Amino acid sequence: MERIKLSFPADTPPLSVIAALHISSSPVTIDSSSAATTVPTLVFSDGRKLSGTPVLLRYVARSAPSLLPDFYGRDAFESSQIDEWLDYASVFSSGSEFENACSRVDNYLQSSTFLVGYSLTIADVAVWSALSGSGPRWESLRKSKKYQNLVRWFNSISLEYAEPLSKVAAYTVKKVSGKPVATASSKQADANNNDKGGKPEVDLPGAVMGKVRLRFAPEPSGYLHIGHAKAALLNKYFAERYRGEVIVRFDDTNPAKESNEFVDNLVKDIGTLGIKYERVTYTSDYFSELMSMAEKLMREGKAYVDDTPREQMQKERMDGIDSKCRSHSVEENLNLWKEMIEGSVRGLQCCVRGKLDMQDPNKAMRDPVYYRCNPMPHHRIGNKYKIYPTYDFACPFVDSIEGITHALRSSEYHDRNAQYYKVLEDMGLRRVEIYEFSRLNLVYTLLSKRKLLWFVQQGLVGGWDDPRFPTVQGIVRRGLKIEALIQFILEQGASKNLNLMEWDKLWSINKKIIDPVCPRHTAVVEERSVLLTLSDGPDEPFVRLIPKHKKFEGAGEKATTFTKRIWLEGADASVISVGEEVTLMDWGNAIVKEVTKDEEGRVTALSGVLNLQGSVKTTKLKLTWLPEINELVKLTLTDFDYLITKKKLEEDDEVATFVNPYTKKETLALGDSNMRSLKSGDVIQLERKGYYRCDVPFVKPSKPIVLFSIPDGRQHQPLTAK
């Protein structure tokens, strides 16, 4: 391999080049001691040189390993866009232009996750480094709310590439007025350090760059939920950080609960999360080898067959009492093992247990069950087997056989870690490191697949993709962007602290993503809606094109019809006084001359005149409205609430006791005609109402468009029956 050295003056390190080298794992030696170098220079082993930051960045991007194939763009057009950003990055070093540059990039990032394309490129590295190297000036803006899109983008890169960027920190302390000033990347490095020797908090023990292999191993007994998503995304994070790989393995050892439907939807959900995996495997691929291993352990006296009734076995484990079967001879064990394999009446009474330590204070070590009989057909292999391994037995075996270096699992399994290592030791297999993270717990949320299945079976929800469910399909159908979920989980990192989290934080992140780009539309609730007649309104309707989003041109335009009679919400009409001037949004002011009410005092009609010269600053009421035309569309606005009434459901709580009786509210409304073009999955904002996701698009005038309300992170308001 050719030896390459980066040289530069110690007082002016090229942060973007250093960051790019670390992110791409380029084999370049960094040397800041060369006094003769006045500009950043790459020196090759044969004496050739390349000089200047832009030139070096392009070289690094073009020669990046296959793990970053789009580092310099996917095609010539994207490469040219990257060149523009590389040239523009120098603007951040100009004091007078710094905030203008921040403003430009902030506006650009309203509708983009990256500066070019759909993944990190050298353009992102260049601008990130320019901001990071600007010191206190950027730090003060970063803490403010002035450039939210820019800060979101900066923080996302800082979190996603925390490990390589932490190495840049050594070069980001500059002499300013004789005092060292830490820049953003050095502070990021500090934030990633804990008290254990200054190592990043989310280091994997014993990890070697390029040799990390992880697995995400869901059981195909339900759909992927937000708790699984945390595990999946952490596997993705560590695989990318250590240039490793992820295997998706289905832990299909319980045929009573599993099905191909769950397998197919888990694969779909993993794709939705953007998990790139090396291959898909199944624990059932190893059933033959697992049976051989169980027999081997029995021959070695490390496992035995037990026919103790289940309740008695549980009591003996709790009390630390040896089973009467623990002293079986090898021959007795193998004879009963054959009965289990055949699924005979005698075999069905038995299980295989590991012979560990029945007096261990850790009850997980008290002879765990390795195999059970189950005559049910398996969703993949039918009736081939009558016995199935337990998770405790199969997981360490397959982890080691598949070359997994680190097994990520939640801290709820902490007491079983010793068991995992002991099983591997008894099997004589390579050790796999366990890395723990805290389970994601959210208020008023069920993450038990058994309890979620109960809601499905009771018909309390529409299925596993119900928008009230915490499944990936459910929350996406509710209107959550996967980008928000990824950001939410990465902000927590691999913390081992057990916290009961509010949903508000997640929905707040989601709002920051959808608000800058989603189109604006208008809806009026049908019940008690009121017509306002404008005596000087247009005799013939006319149409005007106005932006769907006043701050985002990419949202396009909508056709708004202006008529003499317009629809107002009943709630708005009820607070208007005679003679009051109001603002009709996207039109102008009007003065209400007459208010008509029924016998119960409810407003039934309004009349008034336009006052388009009036100032919107002087009016108290800014009203949404719809023209009285046949092209309006019918809407069903759907709001949701939590499925349970208890903030945290304990394992032994009876779920039926805490079912929320009122979790869905549908409101009929009229919408502007532009909503006919909505597609399923589109996210919009209804002016003065909130954010919505289109679940059922326009089909015909008599069938309503179904819109699901998207929470915006504000305090949750429970639904009521009225």
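An unreviewed UniProt entry lists the protein chain under the name glutamate--tRNA ligase, from Raphanus sativus. According to its UniProt record, the protein chain has this under Sequence similarities (unreviewed entry): "Belongs to the class-I aminoacyl-tRNA synthetase family. Glutamate--tRNA ligase type 2 subfamily." Recorded under Subcellular location (unreviewed entry), the UniProt text for the protein chain is reproduced unchanged: "Cytoplasm".

*Asks:* Any chance you could break down the overall build of the protein chain for me, citing the residues and the numbers?
*Replies:* A count of helical and extended segments in the protein chain gives 21 helices and 33 strands. With the principal axes as the frame, the protein chain shows a C-alpha extent of 100 × 85 × 40 Å. Classification of the 722 residues of the protein chain by burial places 52% in the buried group. In the protein chain, of all internal contacts separated by at least 6 residues, the share reaching a separation of at least 24 is 70%. Accessible surface, the protein chain as shown: approximately 33,400 Å² in total, 49% of it carbon and sulfur. In the protein chain, which carries 98 positive and 95 negative side-chain charges, the distance between the mean positions of the two groups comes to 3 Å.

*Asks:* I'd like to hear about the UniProt feature "domain: tRNA synthetases class I (E and Q) anti-codon binding" (unreviewed entry) in the protein chain, residue by residue, with values.
*Replies:* Taking the numbering used here, the UniProt-annotated feature "domain: tRNA synthetases class I (E and Q) anti-codon binding" (unreviewed entry) corresponds to residues 622–695. Measuring from the first to the last C-alpha atom of residues 622–695 gives 29 Å, for a span that is 0% helix and 41% strand.

*Asks:* Residues and numbers for empty space enclosed by the protein, please.
*Replies:* Applying the stated rule across the entire model yields 5 cavities of 30 Å³ or more. Put simply, the parts of the chain that give the lining of the largest cavity at least two residues each are strand S22 (557–562) and strand S28 (626–627). When residues in the lining of the largest cavity are grouped by element, the largest group, 4 residues, is from S22. Its residues placed into classes, the lining of the largest cavity shows 9 nonpolar, 6 polar and 4 charged.

*Asks:* I'd like a rundown of the packing of aromatic side chains, residues and numbers included.
*Replies:* Taken as a whole and assessed by the stated rule, the structure comprises 29 aromatic pairs. A centroid spacing of 5.5 Å and a plane angle of 85° characterise the contact between Phe44 and Tyr59, whose relative ring orientation is edge-to-face. One end of the pair, Phe44, is in strand S3 (residues 41–44); the other, Tyr59, is in helix H2 (residues 53–62), and 15 residues separate them in sequence. Its relative accessible area of 7% is what places Phe44 among the buried residues. Between Trp454 and Phe455, the ring centres sit 5.3 Å apart and the planes meet at 90°, which makes this aromatic pair edge-to-face. These aromatic residues form a ring-pair network of at least three members: Trp85, Tyr88, Phe92, Phe98 and Tyr108. Over the aromatic face of Trp85 sits the side chain of Arg104, whose NZ or CZ is 5.1 Å from the ring centroid.

*Asks:* Can you tell me about the packing of helix H15 (residues 391–401) against helix H16 (residues 417–427), naming the residues and giving the values?
*Replies:* Relative to each other, H15 and H16 sit at 65°, their axes nearing to 9 Å. Our pair here, H15 against H16, has a crossing hand that is right-handed. Facing Asp392, Phe393, Cys395, Pro396, Phe397, Asp399 and Ser400 of H15, the residues of H16 in contact are Gln419, Tyr420, Val423, Leu424 and Met427. Residue classes in the contact of H15 with H16 are distributed as 8 nonpolar, 2 polar and 2 charged.

*Asks:* Tell me about the confidence of the model for the protein chain, and name the residues and values.
*Replies:* Within the protein chain, residue pLDDT values average 89, and 92% of them lie at 70 or more. Taken as a whole, residues 173–201 scores under 50 in pLDDT and shows 45 contacts with residues more than four places along the chain or in a different chain.

The rules we used
Residues numbered from 1 in each chain as written. Predicted model: local features only at pLDDT ≥ 70, side-chain atom pairs only at ≥ 80, totals over all residues. Heavy atoms only, no water. UniProt positions renumbered as here; feature names shortened; annotations may be inferred. Helix = DSSP H or I, 4+ residues; strand = E, 2+ residues; numbered from the N terminus. Buried < 20%, exposed > 50% of the residue type's maximum accessible area, 1.4 Å probe, protein only. Contact = heavy atoms within 4.5 Å. Areas by Shrake-Rupley, 256 points an atom, 1.4 Å probe, with all protein chains shown as cover. Lys, Arg positive; Asp, Glu negative; His and termini not counted. Charge placed at Lys NZ, Arg CZ, Asp CG, Glu CD. 1 Å grid on protein atoms, 1.4 Å probe; cavity = no way out; pocket = protein on both sides within 12 Å on 5 of 7 lines; lining within 4 Å. Points joined across faces, edges and corners; volume = space filled by probe spheres on them. Nonpolar A, V, L, I, M, F, W, Y, C, P; charged D, E, K, R; others polar. Phe/Tyr/Trp six-rings, centres within 6.5 Å; stacked < 30°, edge-to-face > 60°. Lys NZ or Arg CZ within 6 Å of the ring centre and 35° of its normal. Axes fitted to C-alpha atoms, helices over the stretch in contact; angles between N-to-C directions. Left-handed = near helix turned anticlockwise from the far one by under 90°. pLDDT = per-residue confidence, 0-100.

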